[in-house]
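Residue-level structural notes
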Amino acid sequence: MHEAPPTPSGPPTAPAEPLEHGLKQRHLTMLGLGGVIGAGLFVGSGAGIAVAGPAIVVSYLIAGALAMLVMRMLGEMSAAMPASGSFSVHAERALGRWAGFSVGWLYWFLLVVVLAVEATAAAQIAHGWVPAVEPWAWVLLFMVVFTAANLAAVKNFGEFEFWFASLKVGAIVVFLGLGVLAVFGWLPDTDPVGMTNLTGQGGFLPNGWGGVVSGVLTVVFAFGGLEVVTIAAAETDDPARAVGRAVRSAVVRILFFYVGSMLVIVTVLPWTAQQAGLSPYVKVLDSIGVPSAGQIMNIVVFVALLSALNANLYGSSRMVFSLAERGEAPRGLLKVSGGSPEKAGGVPRRAVLASVAFGFVSVLLNLLWPDTVFLYMLNSVGAVLLFVWALIAASQLRLRARLEREAPGALALRMWWFPYLTWLTLAGLLGVLVLMLTDADARPQVLWSAGATALVLLVAVGRQWREQRQRKGSALTGR
């Protein structure tokens, strides 16, 4: 039996009704596997190949290693102290209320803004299939369907994500299988490719190590989304065990899918054949004679976008619910629907509606002013994921030492080579941010995200200062 983990310091949190424990291990495992397999991989990887060449494999290894280390740290804390607010709760326990408030609201803002991008992109694909239906109508349909799914029961979210992730994982497995057969010339009308495309066209490093670095900046954000696993773990019957198993299985397999896919792509076709904005998967499937490859990948990307929309709506609602639970968001968001007769707890419907309401605003801004207002919003969250990861690492540094001292039995999942790999991860994240500042295209994202972060920090510090003054005033009055 685990010892009780350390509890947060500070004022008491608001009492909350319990959430329903409706997620199963299979839901969490597939959420971990499919949560980061999205349009960033299927389409966005073409931009990375264009700048790094075959060495994009190394770029994915570096970015994937960073994501894997962050997830291991987050898994350690979540297994010891499961909470629907995940890293926001951990940051509050490790660094103070200002940190929990800041990282929680920044992550919520990130999810609801990106939600608009996903809904709009999915609507464009659907409009191509059914031109009679305008994109805005598709967006409305998607938002209504997934809002209903998230309002009904957490198991609905789990089932949607399970089947969405299964399709994405299945598509990549088939792609890898066909790619390997094509490399060895075992498909009809194909000849063995060998290493020609890896060593030709300028070699494995056609743009040098600078190309590898540029590739990292292009692909690192494709790994965002793994964090939702630790948020969802709080709604399973055995959170500590569930999150440990999900993290262990997800990180290695995701590296395999990402790096394996890139290796197949740059081996089957010359890297110069790829273009930013066009799916390299479609080009490979076309080259080996798969009929209707473009439409097949359109379906996969469509499912990936809807999956991400569903996951972001879920993650944002649980994050704002956790903030309300700790007194960092309006208390009205704590209302939970009645659970099923056989399960205690329910769904935070007001938190879902609050998140989807801002999501609708983001979608409207994206439809009306995509190149002005919404672009500024998108830039303001462009580097937030890196800030969140850095706070996860900083929190783990503080909490690991406290857990070893106060509740060593709670450390069911441990970070490798602590604290050295944690410090190395922090240095890597700082390095990526510095490199983004030197890149003309990425610099606005860092600056706008830094501004948004500074604004949230200012609010957090202001709230804390006001509360301290109120407590001092109450103490003086009491005297």
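Cut-offs and rules
Residues numbered from 1 in each chain as written. Predicted model: local features only at pLDDT ≥ 70, side-chain atom pairs only at ≥ 80, totals over all residues. Heavy atoms only, no water. pLDDT = per-residue confidence, 0-100. Helix = DSSP H or I, 4+ residues; strand = E, 2+ residues; numbered from the N terminus. Contact = heavy atoms within 4.5 Å. Phe/Tyr/Trp six-rings, centres within 6.5 Å; stacked < 30°, edge-to-face > 60°. Buried < 20%, exposed > 50% of the residue type's maximum accessible area, 1.4 Å probe, protein only. Axes fitted to C-alpha atoms, helices over the stretch in contact; angles between N-to-C directions. Parallel < 35°, antiparallel > 145°, perpendicular 65-115°, else oblique. Left-handed = near helix turned anticlockwise from the far one by under 90°. Polar contact = N/O pair within 3.5 Å; in protein donor to acceptor, adjacent residues only side chain to side chain.

For the rest of this paragraph, the subject is the confidence of the model for the chain. Of the residues in the chain, 92% have a pLDDT of 70 or more, and the chain-wide mean is 83. Averaged pLDDT values over the elements of the chain bottom out at 76 in helix H1 (residues 25–34) and peak at 93 in helix H18 (residues 420–438). pLDDT under 50 marks residues 8–16. Its contacts with residues more than four places away, or in other chains, come to 14 contacts. A low-confidence stretch, residues 340–344 stays under pLDDT 50, and its non-local contacts, those more than four residues away or across chains, total 8 contacts.

Tallied over the entire structure, the rule returns 20 aromatic pairs. Look at Phe42 and Tyr281: their rings are 5.3 Å apart centre to centre, the planes differ by 70°, and that puts the pair in the edge-to-face class. Residue Phe42 is located in helix H2 (residues 39–42), and its partner Tyr281 is located in helix H13 (residues 280–287); the two are separated by 239 residues in the primary sequence. Since its relative accessible area comes to 1%, Tyr281 is described here as buried. Consider the rings of Phe175 and Tyr281, whose centres lie 4.5 Å apart with planes at 50°: the pair is tilted. Linking Phe175 in helix H8 (residues 154–183) with Tyr281 in helix H13, this pair joins segments that are 106 residues apart in sequence.

This part is about the packing of helix H14 (residues 293–325) against helix H15 (residues 349–368). Their axes nearest at 8 Å, the elements H14 and H15 cross at an angle of 120°. Overall, the two elements H14 and H15 adopt an arrangement that is oblique. Note that H14 runs across H15; the crossing there is right-handed. Every residue of H15 that contacts H14 at Leu313, Ser316, Ser317, Arg318, Val320 and Phe321 is listed here: Ala351, Val352, Ser355 and Val356.

The subject of this paragraph is the side chain of Ser78. Within the secondary structure layout, Ser78 lies in helix H4 (residues 56–80). A polar side-chain atom of Ser78 sits 3.3 Å from a polar atom in the side chain of His90. Setting aside residues up to four positions removed in sequence, Ser78 forms contacts with Ser86, His90, Thr230 and Val243.

Right, let's get into unusual backbone geometry. Note the cis peptide between Phe418 and Pro419, where omega equals 0°. Position of Pro419 among the secondary structure elements: in the loop between helix H17 (384–406) and H18. Even without being glycine, Ser86 reaches a positive phi, approximately 45°. On the secondary structure map, Ser86 appears in the loop between H4 and helix H5 (87–95). Within the chain, Gln201 stands out as a residue other than glycine whose phi angle is a positive 55°. Here Gln201 shows up in the loop between helix H9 (196–199) and helix H10 (208–219).

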